[in-house]
Amino acid sequence: MDTQRIHPYENRAVLKEYYAKYLKDVRKVKDSTVKHYFDALSYISRYLKEKNLLKRDIYEVMDLKELSALKEILYKDPVFINLNKQGHQMYSAGMNNYFRFASGEFIEQEHVAAREMDIPMTPDAPIDSPENPSGTYMAKSKHWKRSSILRRQALAFAHYTCELHPEHKTFLAQSTHKPYMEGHHIIPMAMQASFDHSLDVYANIICLCPICHRKIHLGIKEDRKDMLKEIYDQRGERFEKSGLMVTENEFVELGLR
C-alpha cells in the first residue's frame, strides 16, 4: 500500500514519510491504528505550536535531544497530563511510539535493513525561504536542512560499522555507548537544488569511521574516486529507489565536489 495515502499532509516531511512506512511495512500496523498515531502527533504539534515551541509540527525536529526535551515539557505540563488522561493515554502513546522510531531503537530490535525503507522523498524548501523560515529546531547545511535523527538512524542501520572498511575500529562514544562513527551525505546536500527528491535520506547517508570520512573529503583524488565507485556499487539500486537518478560517472563527479 502506498504510504502517501495513509495520512495525506501538505508539507510532507521526510521523517513523517519514513515513520509512515515503518508503521505500515515494518510494524504491519492497521490503517486505523496508523491514523490514531498521526492524529495524536497532530494534536501534540498544535499544542506545542500554541506554546511557541514549534514552527510547523513535530516532524520538523531534527535532533533527538530536542525531541526528548519537548517530550519532557509535555509530560510535566499539568494541562497536557489531564488531557492525556481524558484521552486514555492516546497522546503519550503516540509520542512514545514516534520517539522510539526517531531514536532508532526499532532498527536493532526488529532487525530492519535500511534498503527496506528506501522511497523517494520530496525535499523541504530551503531554510531561509519565505515558505520555510528558520526556527529553533531547524539546522543548516548551506541553506538545506539535514536531520541528525536520520544520521543517527543511518549509523544504527550499519550497526555502527564502517561501511567501506568494516575492520576499522574506533572507540565507544559517550552519547551512545556504541563504536564512534560518522554519517556522511554521499551526494552533498549543497546539490539539493539539482535533484527533484530529497538528498537527506537513508540511501544517501553512509556510516564511516573518522579515517574514511576524512579520506573521502581530503584524500588524493584517485583514492576518493575508488571510494565513491565502491559506494555506488553498493548503493546504485538504493539511489534509484529513493528517486536519485545518477549514473556512476555523475555520482563520482558529485562526490568529488
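Conventions and cut-offs
- Residues numbered from 1 in each chain as written.
- Predicted model: local features only at pLDDT ≥ 70, side-chain atom pairs only at ≥ 80, totals over all residues.
- Heavy atoms only, no water.
- Helix = DSSP H or I, 4+ residues; strand = E, 2+ residues; numbered from the N terminus.
- Buried < 20%, exposed > 50% of the residue type's maximum accessible area, 1.4 Å probe, protein only.
- Axes fitted to C-alpha atoms, helices over the stretch in contact; angles between N-to-C directions.
- Parallel < 35°, antiparallel > 145°, perpendicular 65-115°, else oblique.
- Contact = heavy atoms within 4.5 Å.
- Nonpolar A, V, L, I, M, F, W, Y, C, P; charged D, E, K, R; others polar.
- Pairing = 2+ DSSP bridges.
- Arc of directions from axis to C-beta.
- pLDDT = per-residue confidence, 0-100.
- Phe/Tyr/Trp six-rings, centres within 6.5 Å; stacked < 30°, edge-to-face > 60°.
- Lys NZ or Arg CZ within 6 Å of the ring centre and 35° of its normal.

1. Here's the deal with the environment of Glu105
Here comes step 1: Relative to the helices and strands, Glu105 resides in helix H6 (residues 105-109).
Here comes step 2: Using a relative accessible area of 38% as the deciding quantity, one classes Glu105 as partly exposed.

2. Description of the packing of helix H1 (residues 14-26) against helix H5 (residues 90-103)
Here comes step 1: At a minimum axis distance of 11 Å, the contact between H1 and H5 shows a crossing angle of 100 degrees. Judged by the inter-axis angle, H1 sits roughly perpendicular to H5. Where H1 abuts H5, its residues Leu15, Tyr18, Tyr19, Tyr22 and Leu23 lie against Gly94, Asn97, Tyr98, Arg100 and Phe101.
Here comes step 2: Across the contact of H1 with H5, the residue classes tally to 7 nonpolar, 2 polar and 1 charged.

3. Notes on unusual backbone geometry
Here comes step 1: A positive phi angle, near 55 degrees, is found at Lys28, a position not held by glycine.
Here comes step 2: By the element assignment, Lys28 lies in the loop between H1 and helix H2 (31-50).
Here comes step 3: You can call Lys28 exposed: its relative accessible area is 62%.

4. Looking at the pairing of strand S1 (residues 182-185)
Here comes step 1: Burial of S1 is two-sided: the residues Glu182 and His184 facing one way and the residues Gly183 and His185 facing the other way are all buried.
Here comes step 2: Summarising the sheet, S1 and strand S2 (residues 205-208) pair through 4 bridges and their orientation is antiparallel. Looking across to S2, one finds that Glu182 is bridged to Leu208.

5. Thoughts on helix H10 (residues 248-255)
Here comes step 1: Residues of H10 that are buried include every one of Phe251, Val252, Leu254 and Gly255, and no others. In an axial view of H10, the angular spread of the buried residues amounts to 165 degrees, which keeps them on one side of the axis.
Here comes step 2: Buried residues along H10 sit in contact with helix H9 (221-241).

6. Description of the confidence of the model for the chain
Here comes step 1: Confidence in the prediction of the chain, expressed as mean pLDDT, is 88, and 88% of residues score 70 or more.
Here comes step 2: When pLDDT is averaged over each element of the chain, S2 comes out on top at 98 and H6 at the bottom at 90.
Here comes step 3: Below pLDDT 50 for its whole length, residues 1-11 participates in 21 contacts with residues either more than four positions away or in separate chains.
Here comes step 4: Every residue in residues 127-142 is under pLDDT 50, and counting partners more than four places away or in other chains gives 33 contacts.

7. Focus: the packing of aromatic side chains
Here comes step 1: Throughout the structure, instances matching the rule amount to 22 aromatic pairs.
Here comes step 2: Ring centres of Tyr59 and Tyr98 lie 5.5 Å apart, and the angle between their planes is 85 degrees; on these two criteria the pair is classed as edge-to-face. Separated by 39 residues along the polypeptide, Tyr59 in the loop between H2 and helix H3 (64-76) and Tyr98 in helix H5 bring together distant segments of the chain. Here the two residues Tyr59 and Tyr98 agree in accessibility, since each one is buried.
Here comes step 3: Among the aromatic residues, those joined into a cluster by ring pairs are Tyr18, Tyr19, Tyr22, Phe38, Tyr59, Tyr98, Phe101, Phe106, Phe157 and Tyr202.
Here comes step 4: The cationic tip of Lys71 hangs over the ring face of Phe99; the distance from NZ or CZ to the ring centre is 4.7 Å.

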